[in-house]
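Observations on chain architecture
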Amino acid sequence: MSEHFDVHGGARLVGEVDVVGAKNSVLKLMAAALLAEGTTTITNCPQILDVPLMGDVLRSVGCEVEIEGDTARITTPAELSHRADSAAMGKLRASVCVLGPLVGRLKQAVVALPGGDAIGQRPLDMHQNGLRKLGATSTIEHGCVVAKAETLVGTQIWLDFPSVGATENILMAAVLAEGTTVIDNAAREPEIADICTMLTEMGAKIEGAGTSTLTVHGVETLHPTQHRVIGDRIVGATWAFAAAMTRGDLTVRGVNPHHLDLILDKLRLAGADVTTYDDKGFRVVQPERPKAVDWVTLPYPGFATDLQPFAVALSAVSEGTSMITENVYEARFRFIEEMIRLSGDARTDGHHAVVRGVEKLSSAPVWASDIRAGAGLVLAGLCADGVTEVWDVFHIDRGYPHFVENLNRLGARIDRVTGEPERA
């Protein structure tokens, strides 16, 4: 049976909320455990569906994986399988990040093409080209990425776009390559720096973490480690938008506010009072109806495409007209179709959307197309008259631990309901 959320409108969110480890980091850190024989321990893991799914992927190549609370223990054997073709591969995009570690350690990999959110094309060309530069062959055969190398040799690699996934796979292959690899136009996201930190703790030699140029000096072997995942900036930003949309007052702990500088500055322009607390958290107070601001998605340190649905939802209840430009994933604007169901006044033209704010939205049944769209629809439902039904909430469970419980504790009224939708 399907589940949906009944979201009662009219809530003002007030209180404190803790952010746990970053979804976009923990899954890659789990994959990095493949690089060293022995037991690697990862703490501050978010309790979301994707973590046990990644555990299944790692088991498919021979690892023992124990997940207890916010801790994952991954025991990697001396003899690994190079074939990662678990059924879990089709359920999450991040599963492709086992490609780099398997090629780095075993010099071969057969990795089933990944699944994940329906947000547009995310080809693996840059992943494969990076491995080829290091000396591997890489093809797509029978629904799998097949890569093989006699040896990996460090080289200069330029990425056409600062792809997070490509940066991660090339980085994790290069740490065990011969010589030095330089990755130019590398992704700069905090999650990349988190992986660099863990790999360094395992014995890797990496320079330039957090910059657009990563220099990797290959080593012969790595060793297991214990590592704490950084706080989830996307979840932290979700709560910041929630405060602004509901004219609330939220203190968010467990995330570095400097990872959200641009978002918090934009919310200040929208009329919010924002206070940051070193690297520990922040507070957002929205005293009145937010003012319209424009948003443009770009690679970090720009505005994250993951947060685009929240920008649309905030704009839909703001005073004035906003322009949202999507430069990363073309299908993100599918979210706007659902916002229109909620009486949002929005139009799209290619990579641009124009949203004219309304005083209050109107409840309706809506469907989540991905993790962030689902969370954005829940927040929009809090700003609507009546009860909004949000369907396909399994997406939300993949990215937000205890989302309903946290919202209800902060002043919302949301019920999780089992049953089939009227729409086929």
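Residues numbered from 1 in each chain as written. Predicted model: local features only at pLDDT ≥ 70, side-chain atom pairs only at ≥ 80, totals over all residues. Heavy atoms only, no water.

This part takes up the sheet that holds strand S14 (residues 226–228). On the basis of which strands lie adjacent, the open sheet formed by 4 strands has the order S4-S5-S3-S14 and mixed pairing. Because the sheet does not close on itself, it has two edges, and the strands there are strand S4 (64–68) and S14. Averaged over neighbouring strand pairs, the angle between their axes works out to 15° when direction is ignored. With respect to the sheet, helix H2 (residues 50–60) is in contact with S4 and strand S5 (71–76), its orientation differing from that of S4 by roughly 165°. (Pairing = 2+ DSSP bridges. Helix = DSSP H or I, 4+ residues; strand = E, 2+ residues; numbered from the N terminus. Axes fitted to C-alpha atoms, helices over the stretch in contact; angles between N-to-C directions. Contact = heavy atoms within 4.5 Å.)

If you add up the space inside the second largest pocket, you get close to 240 Å³. Taken together, 13 residues make up the lining of the second largest pocket; nearest its centre are Gly-231, Gly-254, Val-255, Asn-256 and Asp-279. Split by residue class, the lining of the second largest pocket holds 5 nonpolar, 5 polar and 3 charged. (1 Å grid on protein atoms, 1.4 Å probe; cavity = no way out; pocket = protein on both sides within 12 Å on 5 of 7 lines; lining within 4 Å. Points joined across faces, edges and corners; volume = space filled by probe spheres on them. Nonpolar A, V, L, I, M, F, W, Y, C, P; charged D, E, K, R; others polar.)

The next subject is the domain arrangement of the chain. Interfaces are often described in size by the accessible area the parts lose on coming together. Segmentation of the chain into domains returns domain 1 (2–19 + 231–419) and domain 2 (23–220). Computed over C-alpha atoms, the centres of domain 1 and domain 2 are 30 Å apart. (Domains from an automatic or database assignment.)

Below, the discussion takes up empty space enclosed by the protein. Here the structure, examined in full by the defined rule, presents 1 cavity of 30 Å³ or more. When the residues that make up the lining of the largest cavity are grouped by side-chain class, the tally is 6 nonpolar, 2 polar and 2 charged. When residues of the lining of the largest cavity are assigned to domains, at least three map to each of domain 1 (2–19 + 231–419) and domain 2 (23–220).

In this section: helix H9 (residues 308–316). The buried fraction of H9 amounts to 9 of the 9 residues, a majority that puts the element mostly inside the structure. Every buried residue of H9 is listed here: Gln-308, Pro-309, Phe-310, Ala-311, Val-312, Ala-313, Leu-314, Ser-315 and Ala-316. (Buried < 20%, exposed > 50% of the residue type's maximum accessible area, 1.4 Å probe, protein only.)

This paragraph deals with the packing of aromatic side chains. Evaluation of the coordinates by the stated rule reveals 5 aromatic pairs. Ring centres 5.5 Å apart and planes at 45° place the aromatic pair Phe-241 and Trp-295 in the tilted group. One end of the pair, Phe-241, is in helix H7 (residues 233–245); the other, Trp-295, is in strand S18 (residues 295–296), with 54 residues separating them in the sequence. Looking at Phe-241, the relative accessible area reads 0%, which means it is buried. Between Tyr-400 and Phe-403 the ring centres are 4.9 Å apart and the planes differ by 40°, which places this aromatic pair in the tilted class. The exposure class of Tyr-400 is buried, given its relative accessible area of 3%. Residue class for Phe-403 comes out buried when judged on its relative accessible area of 4%. Counting every residue linked through ring pairs, the aromatic cluster contains Phe-241, Trp-295, Phe-303 and Phe-310. Here Lys-266 stacks its cationic end above the ring of Trp-295, 5.7 Å away from the centre of that ring. (Phe/Tyr/Trp six-rings, centres within 6.5 Å; stacked < 30°, edge-to-face > 60°. Lys NZ or Arg CZ within 6 Å of the ring centre and 35° of its normal.)

This part is about helix H8 (residues 261–269). Those residues of H8 not exposed but buried are Ile-263, Leu-264 and Leu-267. With its buried residues spanning 95° around the axis, H8 presents them on a single face. Following H8 by one or two positions, Gly-271 has its phi on the positive side, about 110°. (Arc of directions from axis to C-beta.)

Moving on, we get to the side chain of Ser-369. Summarising the element assignment, Ser-369 is placed in the loop between strand S23 (365–367) and helix H11 (371–382). Looking at Ser-369, its side chain comes within polar contact range of the side chain of Asp-370, at 3.5 Å. (Polar contact = N/O pair within 3.5 Å; in protein donor to acceptor, adjacent residues only side chain to side chain.)

Sheets are built from strands that pair by backbone hydrogen bonding, the pairs being arranged parallel or antiparallel. With mixed pairing, 4 strands are arranged side by side in an open sheet as S23-S25-S1-S26. The sheet terminates laterally at S23 and strand S26 (414–418), the two strands that pair on one side only. Direction aside, neighbouring strands of the sheet carry axes that sit 25° apart on average. The sheet contacts of H11 involve strand S1 (3–8), S23, strand S25 (387–391) and S26, and relative to S1 the element is tilted by about 30°.

With their axes 10 Å apart at the nearest point, H9 and helix H10 (residues 334–341) run at an angle of 30° to one another. Here H10 runs roughly parallel to H9, going by the angle between their axes. Two packed elements cross with a definite hand, and for H9 against H10 that hand is right-handed. For the pair formed by H9 and H10, the contact residues are Pro-309, Val-312, Ala-313 and Ala-316 on the first element and Phe-335, Ile-336 and Met-339 on the second. The class makeup of the residues in the contact of H9 with H10 is 7 nonpolar, no polar and no charged. (Parallel < 35°, antiparallel > 145°, perpendicular 65-115°, else oblique. Left-handed = near helix turned anticlockwise from the far one by under 90°.)

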